[in-house]
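Listed below, chain by chain, are the residues.
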Amino acid sequence: MTAAPTTADEPAAADRSGLPTTAADEPGAAPTDRPGRPAELGTAAERYRMLRLVRGFEELALGLVKSGAIPGGIHPYIGQEAVAVGVCSALGPADRLTSTHRGHGHVLARGTAPHRLLAELLGRVGGSNGGRGGSMHAADLSLGILGANGIVGAGAPIAVGAAWAARQARAAHEPTGRTPVAVAFFGDGALNQGVLLESFNLAAMWRLPVLFVCENNGYATTLPAATAVAGSATGRAAGFGIPAEEVDGMDTEAVRAAALRAVDRARGDGGPGFLECRTYRYEGHHTMERRMKLRYRAPEEVEAWRERDPLPRAAALLAPATVADLDRSVAEQLAAAEEFALASEHPDPAGALDHLYADGLRPRAGVTP
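Predicted, not measured: the structure shown is a model, and the values here were computed from it.

A. Representation of the overall build of the chain in the model. If you tally the helices and strands in the chain, you get 12 helices and 7 strands. The contacts in the chain between residues at least 6 apart in sequence include a share of 76% that link residues at least 24 apart.

B. Seen up close, the confidence of the model for the chain. Residues at a pLDDT of 70 or more form 88% of the chain, whose mean pLDDT is 88. Counted against residues more than four places away or in other chains, residues 1–33, with its pLDDT under 50, gives 71 contacts.

C. Looking closely at helix α12 (residues 320–343). Here α12 spans 35 Å end to end across 24 residues, near enough to the 34 Å set by a 1.5 Å rise per residue. On the buried face of α12, the contacting elements are α1 (44–67), α4 (114–121) and α11 (310–315).

D. Fine view of the packing of helix α5 (residues 155–173) against helix α6 (residues 194–205). The contact between α5 and α6 brings their axes to 8 Å, and the two run at 20°. By the angle between their directions, the pair α5 and α6 is classed as roughly parallel. In terms of crossing hand, the pair formed by α5 and α6 is left-handed. Where α5 abuts α6, its residues Ala 156, Pro 157 and Val 160 lie against Val 195, Leu 196, Ser 199, Leu 202 and Ala 203. Split by residue class, the contact of α5 with α6 holds 7 nonpolar, 1 polar and no charged.

E. View of the packing of aromatic side chains. A full pass over the atoms with the stated rule returns 7 aromatic pairs. Aromatic side chains Tyr 280 and Trp 305 sit 5.0 Å apart centroid to centroid with 5° between the ring planes, which places their arrangement in the stacked category. Residue Tyr 280 is located in the loop between β7 (273–278) and α9 (288–292), and its partner Trp 305 is located in helix α10 (residues 299–306); the two are separated by 25 residues in the primary sequence. Of the two residues, Tyr 280 and Trp 305, both sit in the buried class. Each residue in the set Phe 186, Phe 200, Phe 212, Phe 240 and Phe 274 is aromatic and connected to the rest through ring pairs, giving one cluster. Positioned over the ring face of Tyr 219 is Arg 297, at 6.0 Å from the centre of the ring.

F. Representation of the side chain of His 286 in the model. Position of His 286 relative to the elements: it lies in the loop between β7 and α9. Residue classification places His 286 among the buried positions, given a relative accessible area of 18%. With residues near it in sequence (within four places) discarded, His 286 still touches Gly 72, Gly 73, Ile 74, His 75 and Pro 76.

G. Structural context of the pairing of strand β6 (residues 244–248). Both β6 and β7 contribute to a ladder of 5 bridges, which runs parallel. Pairing of Val 247 across the sheet is with Cys 277, part of β7. Read from β6 through helix α8 (residues 252–267) to β7, the crossover connection turns out right-handed.

H. Seen up close, the state of the cysteines. A complete count under the given rule lists 0 disulfides for this structure. The thiol sulfur of Cys 277 is not disulfide-bonded, and the nearest other cysteine sulfur, from Cys 214, lies at 7.9 Å. The class of Cys 277 is buried, set by a relative accessible area of 0%.

I. Focus on the pattern of salt bridges. Within this structure, the stated rule accounts for 13 salt bridges. Measuring nitrogen to oxygen at the nearest pair gives 3.6 Å for the salt bridge that ties Asp 251 to Arg 313. Note that Asp 251 is positioned in the loop between β6 and α8 and Arg 313 in helix α11, a separation of 62 residues in sequence. What makes Asp 251 partly exposed here is its relative accessible area of 23%. Between Asp 325 and Arg 328 there is a salt bridge; the shortest N-O distance is 2.9 Å. Pair noted here: Asp 325 and Arg 328 are both in helix α12, with a separation of 3 residues, about one helical turn. The structure contains a network of salt bridges with shared partners spanning Asp 248, Asp 251, Arg 308 and Arg 313.

J. Here's a closer look at the environment of Ala 69. Mapped onto the elements of the fold, Ala 69 is located in the loop between α1 and α2 (81–88). Taking C-alpha positions, Ala 69 is 10.0 Å from Ala 341, a pair spaced 272 residues apart along the chain. The residues contacting Ala 69, other than those within four sequence positions of it, are Leu 64, Leu 122 and Leu 342.

Conventions we followed
- Residues numbered from 1 in each chain as written.
- Predicted model: local features only at pLDDT ≥ 70, side-chain atom pairs only at ≥ 80, totals over all residues.
- Heavy atoms only, no water.
- Helix = DSSP H or I, 4+ residues; strand = E, 2+ residues; numbered from the N terminus.
- Contact = heavy atoms within 4.5 Å.
- pLDDT = per-residue confidence, 0-100.
- Expected span 1.5 Å × (residues − 1).
- Axes fitted to C-alpha atoms, helices over the stretch in contact; angles between N-to-C directions.
- Parallel < 35°, antiparallel > 145°, perpendicular 65-115°, else oblique.
- Left-handed = near helix turned anticlockwise from the far one by under 90°.
- Nonpolar A, V, L, I, M, F, W, Y, C, P; charged D, E, K, R; others polar.
- Phe/Tyr/Trp six-rings, centres within 6.5 Å; stacked < 30°, edge-to-face > 60°.
- Buried < 20%, exposed > 50% of the residue type's maximum accessible area, 1.4 Å probe, protein only.
- Lys NZ or Arg CZ within 6 Å of the ring centre and 35° of its normal.
- Pairing = 2+ DSSP bridges.
- Right-handed = clockwise from strand over helix to strand, strands pointing away.
- Disulfide = S-S within 2.5 Å.
- Salt bridge = Lys/Arg side-chain N within 4 Å of Asp/Glu carboxyl O.

Shown next as structure tokens:
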């Protein structure tokens, strides 16, 4: 049974760095398979620190793409940090999530150590998935991160399946408990995908504990959502009888409040929920845009959204000295993460076929081997 997350906003200790506390997971140490620990985001200071960590991580990754250290490029999350932090702050330890091709923020906000994720982006053995997943396929089952996904909308049915499994397990072992929740992140470009609408239908029919989170940044690659989506995002969910709410995706506290309401309802067998977080990415859809020099957004539009940057809004809730301490702590952590990732070894080509097939599987009860 998962306890409801705290809503207290007591001041965090100034020296709280957020670094993993297990010696084996300190930057520079070999990665382990120990169970993960979700990030603590119960206070305004912890949430600001995570915002700063995600922003700094993405800025660091952009530099490593430019230098060639990260092959293939990334989909930057800069600007959308309030969505990941706000939603993940509403989750409990047993909850799960599925992510997108723009998933670094979700993975970090859930608790994956930045040195492990950065090494993964570099394709190194010290990465969270041994360098095999890269930017678009990071996962950490110990934290309930069921994987980022390069297919638009493809995380939604995985989240629905996870929610169904969680409810079945609760019914078998703890019928009076509260069910873990599964969160499916996706962008506005997924709103016309059949697999997403099928997921809405199943979740609504079976009243599953799923929270669908649409990160509406206004563009599906270069296509404005306004020219591609008939009706509205919330209307999509409402058509299936799913309670839907539009929220300012540049305001961490507003996202958190909406997520807490939806998660609490889902835990109590109230069925799925839907949040449309109106947000904006300050960088291009992919780092390749810098090389291609695509121009599809007016500079005035980008600047107007920059004035709503979630970081200064979150910092305004804290004392300036606290903000300075947290900024310094994040800078130190990211420097250690870069050192760890660049020092991590490249995979041995001889192991390229390892993990290609599942092994050690055990049949479920009632299934003939």
